[in-house]
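So you can see what is in the structure, the chains are spelled out below.
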Amino acid sequence: MKNPDYSIWVLEYAYVPDYPVSGVLYGAHNQGTLKLPYGYVVLKSSDRTVMVDAGYNYQQYGKVLADRFGVIEWQSPATVLGEIGVQPEDVSDIIITHAHFDHFGNVGDFPNATVHIQEREFSQWLWTLTLPPQFGWLQGALNPDDIVLGAHLAAEGRLHLVDGDVENLFPGIDVRAELDSHTFGSQYVVVNNGGGKDPWVLAGDLRYVRENITGFNDDGVYVPVGLAAGSQLNLLRASDHMMEAVDRVEKRVIAVHDEHLEEMFPSRKSKHGLAIVEITLAQHEASRV
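What counts and what doesn't
Residues numbered from 1 in each chain as written. Predicted model: local features only at pLDDT ≥ 70, side-chain atom pairs only at ≥ 80, totals over all residues. Heavy atoms only, no water. Helix = DSSP H or I, 4+ residues; strand = E, 2+ residues; numbered from the N terminus. Buried < 20%, exposed > 50% of the residue type's maximum accessible area, 1.4 Å probe, protein only. Contact = heavy atoms within 4.5 Å. Polar contact = N/O pair within 3.5 Å; in protein donor to acceptor, adjacent residues only side chain to side chain. Pairing = 2+ DSSP bridges. Core = buried A, V, L, I, M, F, W, Y, C linked by side-chain atoms within 4.5 Å.

Trainee: Could you give me a rundown of the environment of Asn112, with the residues and numbers involved?
Mentor: Mapping Asn112 onto the fold places it in the loop between α3 (101-104) and β5 (114-118). Owing to a relative accessible area of 48%, Asn112 belongs among the partly exposed residues under this scheme. Setting aside its immediate chain neighbours within four residues, Asn112 contacts Glu89, Val91, Ser92 and Arg158. A polar atom in the side chain of Asn112 sits 2.9 Å from the backbone oxygen of Glu89.

Now the structure itself:
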């Protein structure tokens, strides 16, 4: 049976107006600030709606972390997904690229979704919570409540721990692990539209901005993201693996934190000033921008 094609939207749900450039490009010291969108991805075929990441919950410690990072204009999934005619109840599955608060924390808002995360990602973040205080830097973008929520999902049969690369996690959708890179068990998603002839990579935080792959001077020398619990070498390798997955067409490696994404693809702003970016449309799907 032929794999389905998916429409792909990147939906901004909040943003940081002034984020240090060195936070997205390793070694870019004293280079000022940029706008850092916070977003997630919706994949929609004729019979399935899947998300890549889920944002954070603007309550309790999630709000504390958001305020610490200077995040503003947060909107709920019901509001954000409504811009493309989707409701949280429609989402059957959520692929979590990594467990930082702004990607994992809002899975509780999707009552019918099974959550898919690398086993190493989930277990190693639990391990970090047992470390003494001097290792606290590791937890800077982690909400411990999210790990507890993951345990509750497991008890409900709605947490799937992925072990490494998986082809056809769903028809036409692969996940590929990049261990000990941005986080312990980061993964990216490959969408094999057109039977693999029209591939797209959803990078999570293995890529923040264009220059992570194009280089500082468009010289093609990879620049790692500015935050790694693992190694910079593994981040460089991840960049190359993602490029291989899309036949080295850089535009096809989608970074949800890139403020220029809306200039590269059809897009519009919501009434809240948040971007709806339409990466590609499946046949017979109406444009939402």
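Trainee: Which residues make up the pairing of strand β10 (residues 198-202), and what values do they have?
Mentor: In regular strands, side chains alternate between the two faces of the sheet. Most of β10 is tucked away: four of the five residues are buried. Following strand β9 (residues 185-193), the chain reverses through four residues before pairing antiparallel with β10; Gly194 in that reversal takes a positive phi of roughly 65°. Inspection of the sheet shows β10 paired to strand β11 (residues 253-254) by two bridges, in the parallel sense. Bridging across to β11, Val201 finds its partner in Val253.

Trainee: Tell me about helix α4 (residues 119-128), and please be specific about residues and values.
Mentor: For α4, the complete set of buried residues consists of Glu121, Phe122, Gln124, Trp125 and Thr128. Those residues of α4 that are buried lie in contact with α3, β5, α5 (144-155), β6 (159-162) and β9.

Trainee: Kindly report on the nonpolar core, identifying the contributing residues and their values.
Mentor: One finds Leu11, Tyr38, Leu81 and Ile94 to be the most contacted residues of the largest nonpolar core, which totals 64 residues. With six residues, strand β1 (residues 7-20) is the single largest residue contributor to this core. Excluding anything up to four places from it in sequence, Leu11 contacts Tyr38, Gly39, Tyr40, Val42, Val80, Leu81, Ile84, Ala275 and Ile276. The next biggest cluster of nonpolar side chains, apart from the first, holds 24 residues, and it includes Val52, Val162, Phe170 and Val191.

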